[in-house]
Protein chains: 2
Amino acid sequence: MARDQLSRVFAALADPTRRDLVARLSLGDATVGELAAPYRLTPQAISKHLKVLEEAGLVTRRRDAQRRPVHLEAEVLDQMTAWIERYRAQAEERFRRLDALLDRMAAEEDGHRQEREDES
Amino acid sequence: MARDQLSRVFAALADPTRRDLVARLSLGDATVGELAAPYRLTPQAISKHLKVLEEAGLVTRRRDAQRRPVHLEAEVLDQMTAWIERYRAQAEERFRRLDALLDRMAAEEDGHRQEREDES
DNA sequence: TGGTTTCACAACCAATCGGTTGACAAGTGC
DNA sequence: GCACTTGTCAACCGATTGGTTGTGAAACCA
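Quantities reported herein were computed from a predicted structural model and do not represent experimental measurements.

Draft legend 1. Fine view of the protein's contact with DNA strand D. Around DNA strand D, a shell composed of 21 residues is seen, among which A:Ser47, A:Arg61, B:Thr42, B:Lys48 and B:His49 lie nearest. A share of 72% of the atoms of DNA strand D within 4 Å of the protein falls on sugar and phosphate groups. One of the side-chain nitrogen or oxygen atoms of B:Thr42 is found 2.8 Å away from a phosphate oxygen of DNA strand D. Broken down by secondary-structure element, the contributors of at least two residues to the surface near DNA strand D are helix 3 (32–36) and helix 4 (43–55) of chain A together with helix 4 (43–55) of chain B. Looking at the surface near DNA strand D, the element that brings in the most residues is helix 4 of chain B, giving 4 residues. Considered class by class, the residues forming the surface near DNA strand D number 4 nonpolar, 9 polar and 8 charged.

Draft legend 2. Structural context of helix 2 (residues 16–25) of chain B. Residues and elements named next belong to chain B. Burial within helix 2 is extensive, with 7 of its 10 residues counted as buried. Looking at helix 2, one finds that the buried residues are Thr17, Arg18, Arg19, Leu21, Val22, Ala23 and Leu25. For helix 2, the capping residue at the N-terminal end is aspartate 15, with a side-chain oxygen 2.8 Å from the backbone nitrogen of threonine 17.

Draft legend 3. Spotlight on the interface of chain B and chain A. Contact with chain B, which involves 34 residues of that partner, is made by 34 residues of chain A. Counting every contact that joins chain B to chain A gives 4 salt bridges. For A:Asp78, the salt bridge is made with B:Arg88, and the minimal N-O distance between the two is 3.0 Å. It is helix 5 (residues 74–119) of chain B that contributes the most residues to the side of chain B that touches chain A, 15 residues altogether. The class makeup of the residues in the side of chain B that touches chain A is 19 nonpolar, 6 polar and 9 charged.

Draft legend 4. Expanded view of the packing of aromatic side chains. Summed over all chains, the structure comprises 5 aromatic pairs over all chains. Centroid distance A:Phe10 to A:Trp83: 5.8 Å. Interplanar angle 75°. Geometry classified as edge-to-face. Of this pair, A:Phe10 sits in helix 1 (residues 3–13) while A:Trp83 sits in helix 5 (residues 74–119); the two residues are 73 residues apart in sequence, bridging distant segments of the chain. According to the relative accessible area criterion, A:Trp83 is buried, its value standing at 13%. Every member of this aromatic cluster is reached through a ring pair, and the members are A:Phe10, A:Trp83, A:Tyr87, B:Phe10, B:Trp83 and B:Tyr87.

Draft legend 5. Spatial organisation of the side chain of B:Thr81. Turning to its location among the elements, B:Thr81 is positioned in helix 5. You can call B:Thr81 buried: its relative accessible area is 12%. Leaving out residues up to four positions away in the same chain, B:Thr81 has contacts with A:Thr81, A:Ile84 and A:Glu85.

Draft legend 6. Focus on the packing of helix 2 of chain B against helix 4 of chain B. All names here are of chain B. Axis separation between helix 2 and helix 4 bottoms out at 10 Å; the angle between their running directions is 75°. Overall, the two elements helix 2 and helix 4 adopt an arrangement that is roughly perpendicular. Contacts from Thr17, Arg18, Leu21 and Val22 of helix 2 reach helix 4 at Ile46, His49, Leu50, Val52 and Leu53. For the contact of helix 2 with helix 4, the class distribution of residues is 6 nonpolar, 2 polar and 1 charged.

Draft legend 7. Quick peek at the side chain of A:Ser7. Relative to the helices and strands, A:Ser7 is located in helix 1. The class of A:Ser7 is buried, set by a relative accessible area of 11%. A polar side-chain atom of A:Ser7 sits 3.0 Å from a polar atom in the side chain of B:Arg19. Here A:Ser7 is in contact with B:Ala14, B:Pro16 and B:Arg19, once residues within four sequence places are set aside.

Reading the values: rules and limits
- Residues numbered from 1 in each chain as written.
- Chains lettered and ligands numbered in written order.
- Predicted model: local features only at pLDDT ≥ 70, side-chain atom pairs only at ≥ 80, totals over all residues.
- Heavy atoms only, no water.
- Near = heavy atom within 4 Å.
- Polar contact = N/O pair within 3.5 Å; in protein donor to acceptor, adjacent residues only side chain to side chain.
- Helix = DSSP H or I, 4+ residues; strand = E, 2+ residues; numbered from the N terminus.
- Nonpolar A, V, L, I, M, F, W, Y, C, P; charged D, E, K, R; others polar.
- Buried < 20%, exposed > 50% of the residue type's maximum accessible area, 1.4 Å probe, protein only.
- Contact = heavy atoms within 4.5 Å.
- Salt bridge = Lys/Arg side-chain N within 4 Å of Asp/Glu carboxyl O.
- Phe/Tyr/Trp six-rings, centres within 6.5 Å; stacked < 30°, edge-to-face > 60°.
- Axes fitted to C-alpha atoms, helices over the stretch in contact; angles between N-to-C directions.
- Parallel < 35°, antiparallel > 145°, perpendicular 65-115°, else oblique.

This is the structure:
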């Protein structure tokens, strides 16, 4: 996934209304009118939100007479998850190694204390 | 995760510079100066980016003399992944059922064609 | 103490964002 | 052909964003 493509996807999902639309579309395709109905926004506003989602590749639109059914593309969500997972995994691996190091240091400290106690 | 918290996290990661910072921090904690060095931006700009990451809960800052080491909090990335995964899974389950339906319809169609061929 | 390093805050600027209203294009159905 | 439905495009507005410069606080070091 290209760099600005990733930016577009994150930016698209940074808006609560657009996340709502994604949630709704995960249950099935819908027209702009159906998507707009639950909101107090104008259909134009919803249309703009859908355009943002479309440019991010999260959504595609068919042509069906004068209707424009909207369809969620789940693959892009996969690519996002992959990006996030990459850095989460790196950070957690780093903590794992740090924990191991601290354990070793604590064990050595115990060893030294044991030696000192043996001397006395 | 609260609604605007999620918005803040997505918005934070929508900027390529901030994603770079997250990538860098996944390898280990760093000071503002260290983080700013590779960029042609002023340290103030980096500091602002870090503030955005901090308000999103992605990052925390310690106090170490006059330095402010920055630390990546991996848990928030987990919560993000969970949100994404939820709707991706729903969408894919829906496709799975649609595929099954289409398979059944195709099978029935085959059955009918078979009947018609039997009649002739 | 005074100078240096590291960093944040405030004020400003151009660009982008989320919303509105108004006009209109594309299709359907009488 | 004409009215209606569905949806987009364009222009505008206030708020936010990503960057800058300037200033100054906090801790170290000589």
